Amino acid sequence: MTSTPHTLSLPAGELAITVEDQGQGHPFLLLHGGAGPQTVTPFAGLLAARRPARTLVPVHPGFGGTARPDWLTDVTTLAQAYERLLGELGLTDVIVVGNSIGGWIAAEMALLGSDRIGGVVLVNAVGIQVPGHPVAETFSLTPAELSRLAFHDPARFAVDPATLPEAARTAMAAGRAALAVYSGAHAMENPTLRERLAKVTHPVLVVWGESDRVVDTEYGRAFAAAVPGAQFAPLRRTGHLPQVESPDQLLSLVWDFATTHTTRRP
């Protein structure tokens with residue numbers, strides 16, 4: 001695995017993005033959620049090891065000790081940046097996989113209509129508004145409280161920040177601050193996204209851990225229903241981070257989706 005810095009030119013300015021790149025084969029762009037890139041990189045390694053796949057995990061600016069420029073404040077701009085990244089790397093038929101706010105970014109990428117994207121997998125994504133099924137307010141929760149919402153088996157997967165090195169705790173706090181900025185005025189929801197998803201033309205798979213109490217299963221079904229032709233795949237005994245709790249099941253779903261819906265067969 002190599003960590004490579006990329007500098008992207010966007011209308012608002014230049015943006016430095018660090019990308020973890022590993023494996024060879026069909027390209028997958030994996031977008032992490034608010035818990036940081038460490039929740040995605042092990043799955044990326046698993047995918048690259050078990051399939052002929054090249055996996056790329058960008059670190060959202062502000063996470064993992066990286067800097068976030070003041071002008072980068074929203075998910076839409078992040079989506080534009082990652083679409084620009086695919087162009088800089090000369091990639092096509094990319095499967096974009098996003099978890100949580102990474103799923104929101106992936107959905108916005110799908111709306112860009114880029115011919116570099118072969119399909120999109122939304123994994124317990126946030127971003128839409130579903131009456132009666134709001135995204136849980138997580139910023140005021142302790143790590144233990146958040147783990148109880150996020151995992152089917154919190155005792156197995158919860159992380160106690162007190163046991164982490166100071167540098168890791170500092171990076172975690174900075175990532176949480178960046179997440180609060182990206183989540184916007186409506187706290188992890190964009191009032192226009194659900195309606196706009198009707199314009200998506202890429203194949204989309206919505207994967208949902210059924211034990212998630214950050215965004216429940218009905219929220220996931222509403223996400224899938226908003227995208228023309230989208231498939232919905234529930235995962236039992238799995239919470240908000242299927243790539244952590246059920247990596248083997250998620251890998252099979254993602255790979256089967258890629259082999260079915262891309263023009264360049266993996």
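Preceding this paragraph is the structure being described.
For the structure given in this document, a descriptive report is provided here.

Conventions adopted
Residues numbered from 1 in each chain as written. Predicted model: local features only at pLDDT ≥ 70, side-chain atom pairs only at ≥ 80, totals over all residues. Heavy atoms only, no water. Helix = DSSP H or I, 4+ residues; strand = E, 2+ residues; numbered from the N terminus. Rg over C-alpha atoms; globule rule 2.2 N^0.38 Å. Contact = heavy atoms within 4.5 Å. Areas by Shrake-Rupley, 256 points an atom, 1.4 Å probe, with all protein chains shown as cover. Lys, Arg positive; Asp, Glu negative; His and termini not counted. Charge placed at Lys NZ, Arg CZ, Asp CG, Glu CD. Pairing = 2+ DSSP bridges. Axes fitted to C-alpha atoms, helices over the stretch in contact; angles between N-to-C directions. Buried < 20%, exposed > 50% of the residue type's maximum accessible area, 1.4 Å probe, protein only. Salt bridge = Lys/Arg side-chain N within 4 Å of Asp/Glu carboxyl O. Core = buried A, V, L, I, M, F, W, Y, C linked by side-chain atoms within 4.5 Å. Polar contact = N/O pair within 3.5 Å; in protein donor to acceptor, adjacent residues only side chain to side chain. Phe/Tyr/Trp six-rings, centres within 6.5 Å; stacked < 30°, edge-to-face > 60°.

## Some details on the overall build of the protein chain
Along its length, the protein chain carries ten helices and eight strands. For 266 residues, the compact-globule estimate of 2.2 N^0.38 gives 18 Å, and the C-alpha radius of gyration of the protein chain, at 17 Å, lies within 12% of that figure. Once the C-alpha set of the protein chain is aligned to its principal axes, its extents read approximately 45 × 35 × 35 Å. Contacts in the protein chain between residues at least 24 apart in sequence constitute 75% of all its contacts with a sequence separation of at least 6. With an accessible surface of roughly 11400 Å², the protein chain has 52% of that area assigned to carbon and sulfur atoms. Within the protein chain, one finds 19 positive and 24 negative side-chain charges whose respective centroids are separated by 5 Å.

## Here we look at the sheet that holds strand E3 (residues 26-31)
If you walk across this open sheet you meet the eight strands as E1-E2-E4-E3-E5-E6-E7-E8, and the pairing is mixed. Of all strands in the sheet, those with a lone pairing partner are strand E1 (2-10) and strand E8 (231-235), marking the two edges. The sheet shows a mean angle of 25 degrees between the axes of neighbouring strands, taken without regard to direction. Strand direction decides the pairing type here: strand E6 (residues 117-123) and strand E7 (residues 204-209), joined by four bridges, are parallel. When the sheet's bridge partners are listed, Leu 122 is paired in E7 with Val 206. Here helix H1 (residues 41-50) sits on the sheet in contact with strand E2 (13-22), E3 and strand E4 (53-59), set at roughly 165 degrees to E4.

## Section: the pairing of strand E5 (residues 94-99)
In terms of burial, E5 is a largely internal element, six of the six residues being buried. Covered by surrounding structure in E5 are Val 94, Val 96 and Gly 98 together with Ile 95, Val 97 and Asn 99, the residues of both alternating faces. Pairing of E3 with E5 involves four bridges; the strand directions are parallel. Following the sheet pairing, Leu 31 is matched in E5 by Gly 98.

## A closer look at the pattern of salt bridges
Considering all chains together, one arrives at three salt bridges under this definition. Close ionic contact of Arg 54 with Asp 21 constitutes a salt bridge, the shortest N to O distance being 2.7 Å. Highlighted residues: Arg 54 in strand E4 and Asp 21 in strand E2, separated in sequence by 33 residues. Exposure remark for Asp 21: the relative accessible area of 16% places this residue in the buried category. For Arg 196, the salt bridge identified is with Glu 108, shortest N-O distance 2.8 Å. Taken as a pair, Arg 196 in helix H7 (residues 193-196) and Glu 108 in helix H3 (residues 101-111) lie far apart in primary sequence, 88 residues in all.

## What about the nonpolar core?
Ranked by internal contacts, the top residues of the largest apolar core, which has 59 residues, are Leu 29, Met 109 and Phe 223. Excluding its chain neighbours within four sequence positions, the residues that come into contact with Leu 29 are Leu 56, Pro 58, Tyr 82, Leu 85, Leu 86, Val 94, Ile 95, Val 96, Val 97 and Met 109.

## Some thoughts on the environment of Thr 192
Within the fold, Thr 192 resides in the loop between helix H6 (166-183) and H7. What makes Thr 192 partly exposed here is its relative accessible area of 40%. Looking at Thr 192, its side chain comes within polar contact range of the side chain of Arg 196, at 2.9 Å.

## Observations regarding the packing of aromatic side chains
As enumerated under the stated definition, the model contains four aromatic pairs in all. An angle of 35 degrees between the planes, with centres 6.1 Å apart, marks the rings of Trp 208 and Tyr 219 as tilted. Of the two residues, Trp 208 is situated in strand E7 and Tyr 219 in helix H8 (residues 217-226); the sequence distance between them amounts to eleven residues. Residue Tyr 219 is classed as buried on the basis of its relative accessible area of 0%. Consider the rings of Tyr 219 and Phe 223, whose centres lie 6.2 Å apart with planes at 65 degrees: the pair is edge-to-face. With Tyr 219 and Phe 223 both in helix H8 and four residues apart, the pair spans about one turn of that helix.

## Regarding H3
Counting buried positions over the eleven residues of H3 gives ten, a clear majority of the element. Among all positions of H3, only Ile 101, Gly 102, Gly 103, Trp 104, Ile 105, Ala 106, Ala 107, Glu 108, Met 109 and Ala 110 are buried. One or two positions beyond H3, positive phi appears at Gly 113, with a value near 70 degrees.

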